[in-house]
Amino acid sequence: MRTFLLTLVLLIASSSCGFCHFHMLLPSSTSGKKGESMKISYSYGHPYEHQTYPASAPAKTVLVMPDGSVKAMENWQEINIAGEGEEKVNAFQLELTPPARGDYTLIVTSPPIWIPEEKAYHVDQTRVTIHVETQKGWDNRGTNEKEFSLQPLTRPYGILSGTAFSVQCDLSGAHLETERYLPEAPKVLPPDELITFTAKSDRTGKAVVSLPDPGWWCICATKENAGTMASPTGEMAPVHHRAAIWVYVTKK
């Protein structure tokens, strides 16, 4: 039922919005301390335009510990956040208390989400690394080799504006999109090419993107036609797997 509601909202919004819908995985702080809790929000929409739509509950969530071990997480709480105008839409929130110093990576996988303007489904794997007092474990993969994933080759925190950020994709020639999250909707939108930056991974799966401005940024790689599913109208439609990393950039 929620998938059909999301489809309806996106159909209404498609005339004024770009095609880049992302899952936003944003901690309440850019770093944490051992034994102190923090909240992490999981929402869906257009980061730059600050447009949010109803989010589907995560299908799978794991926390990669500093030592590389993986822990399943299930304690998401459904919350309401601002949508279009006065409308409220649902999102999800997780509370995390790091038990030790080191780097923790939260990896969230969505259920298949129908994107009407693409006539395809997206299955998103979204990750964010939470730095806790010491640099240990930010490069842990946290997923098996069969899962389409995007790994940081540059440390995914302590980044200054203008930094070149390197990633490793599980696919050569993968399409990558980089977009900044704005905490408020801009009064005037720039051209689309200045909202979402695009690149491709090389033959080894590596890619380098630029992060010119402070704030949260999403880097997302797409593996097209990773399978098929029946569309809401019954026809078979492609499933695109996407893998994203959220990183915070500090003003230089």
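As a reminder, the structure under discussion sits directly above these lines.
Residues numbered from 1 in each chain as written. Predicted model: local features only at pLDDT ≥ 70, side-chain atom pairs only at ≥ 80, totals over all residues. Heavy atoms only, no water.

A closer look at the sheet that holds strand β12 (residues 150-152)
Rules: DSSP bridges decide pairing: two strands pair if at least two such bridges lie between them. Counting from the N terminus, the helices are the DSSP runs of H or I reaching at least four residues and the strands are the DSSP runs of E reaching at least two. Only the contacting stretch of a helix is used when fitting its axis, a line to C-alpha atoms as for every element, and angles between N-to-C directions run 0 to 180 degrees.
Taken together, 3 strands build an open sheet; the order of strands is β12-β14-β17 and the sheet is antiparallel. In this open sheet, the two edge strands, each paired with only one partner strand, are β12 and β17 (206-211). Averaged over all pairs of adjacent strands, the angle between strand axes in this sheet comes to 35°, irrespective of strand direction. Bridge count for strand β14 (residues 163-169) against β17 is 6 bridges, and the pairing is antiparallel. Within β17, the position partnered with Ser166 by the bridge is Val208.

So, the nonpolar core
Threshold: Residue types Ala, Val, Leu, Ile, Met, Phe, Trp, Tyr and Cys, when buried and joined through side-chain atoms within 4.5 Å, form a set referred to as a nonpolar core. With a 1.4 Å probe rolled over the protein chains alone, any residue whose accessible area is under 20% of its type maximum counts as buried; one over 50% counts as exposed, and the rest are partly exposed. Two residues qualify as a contact provided that any one of their heavy atoms is within 4.5 Å of a heavy atom in the partner residue.
Core analysis: the biggest nonpolar cluster contains 32 residues, and Leu25, Leu63, Trp76, Leu106 and Trp246 have the highest contact counts within it. For this core, the elements supplying multiple residues, two or more each, are β1 (22-27), β3 (38-46), β8 (88-96), β9 (102-109), β10 (113-115), β11 (120-132), β18 (215-223) and β20 (236-250). If sequence neighbours within four positions are ignored, Leu25 has contacts with Ile40, Ser41, Tyr42, Trp76, Leu106, Val108, Thr126, Arg127, Val128 and Trp246. Membership of the second largest hydrophobic core comes to 18 residues, among which are Leu176, Leu211, Ala243 and Val249.

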